[in-house]
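The residues making up each chain are set out below.
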Amino acid sequence: MQKTLRIKNDIHELSTMNQFLEEAGEELGLSTAFMMSLNLVMEEAVSNIIFYAYKGDVEDAVDISLVKEGGELIVTLIDHGIAFDPTLRKDPDITLSAEDRPIGGLGIFLIKKIMDEVSYQRVEERNVFVMKKKITE
């Protein structure tokens with residue numbers, strides 16, 4: 001089963017995405033705990049696209065796809081923003097205090113810790129970010 005959504009690259013669209021996730025979670029039969037984790041991951045990933053993928057006030061879209069395949073959920077995010085591979089981002093040193101740690105990178109770190117697999121490709125001038133999570137509940 002697949003569910004898709006296209007939103008504008010506007011921070012106000014996160015509420016539309018959250019509603020979509022809630023409805024998709026119910027339709028796909030995903031647990032509340034699973035959906036809470038997924039919602040956190042999606043807010044981090046999509047807000048990063050909205051804030052950093054475009055320079056200036058460029059209006060574009062973020063395509064979101066959820067596919068339940070066997071015992072796994074596959075989430076794909078596609079945008080036309082600046083090429084950026086989050087999988088190459090070095091994990092922050094979380095042993096450092098907040099004051100000593102450089103700003104940034106915690107959201108991507110969180111995504112990599114929550115999801116079982118993340119991958120990135122640049123295809124036809126688009127960022128294609130795929131995240132996979134086994135459905136255990």
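Sequence positions are assigned chain by chain, starting from 1 and proceeding in written order. Confidence filtering applies because this is a predicted model: local features only for residues at pLDDT of at least 70, side-chain atom pairs given and counted only at 80 or more, and all residues used for totals across whole chains, interfaces and linings. By convention in this description, side-chain values take in all heavy atoms of the structure and omit both hydrogens and water.

### Comments concerning the pattern of salt bridges
Rule in force here: The salt bridge definition used is simple: a Lys or Arg side-chain nitrogen within 4 Å of an Asp or Glu carboxyl oxygen. Helix numbering and strand numbering both begin at the N terminus, where a helix is a DSSP run of H or I of at least 4 residues and a strand a DSSP run of E of at least 2. Only protein chains enter the calculation, and the probe is 1.4 Å; a residue is then buried if its accessible area is under 20% of its type maximum, exposed if over 50%, and partly exposed in between.
Scanning all chains against the criterion turns up four salt bridges. In this structure, Lys132 and Glu117 form a salt bridge, with 3.9 Å as the shortest nitrogen-oxygen distance. Taken together, the positions of Lys132 in strand S5 (residues 126–134) and Glu117 in strand S4 (residues 117–123) put the pair 15 residues apart, joining distant regions of the chain. We classify Lys132 as partly exposed; its relative accessible area is 22%. Overall, Glu117 belongs to the partly exposed group, its relative accessible area being 40%. Between Glu125 and Arg122 there is a salt bridge whose closest N-O contact spans 3.7 Å. Of the residues examined, Glu125 reaches a relative accessible area of 58% and is grouped as exposed. Overall, the relative accessible area of 32% leaves Arg122 in the partly exposed class.

### Details of the sheet that holds S5
For clarity, the cut-off: Paired strands, as defined in this entry, are two strands with at least two bridges between them according to DSSP. Angles here are taken between N-to-C directions and fall from 0 to 180 degrees, while the axes themselves are lines fitted to C-alpha atoms, restricted in helices to the stretch in contact.
Reading across from one edge, S1-S2-S3-S5-S4 is the order of the five strands in this open sheet, with antiparallel pairing throughout. A strand with exactly one partner marks an edge of an open sheet, and here the two such strands are strand S1 (2–8) and S4. Strand-to-strand twist across the sheet, computed as the mean angle between neighbouring axes with direction ignored, equals 15 degrees. When S1 meets strand S2 (residues 61–69), the two strands line up antiparallel, connected through seven bridges. Directly across from Arg6, in S2, lies its bridge partner Asp63.

Note that all results are geometric; they support no functional claim without further evidence.
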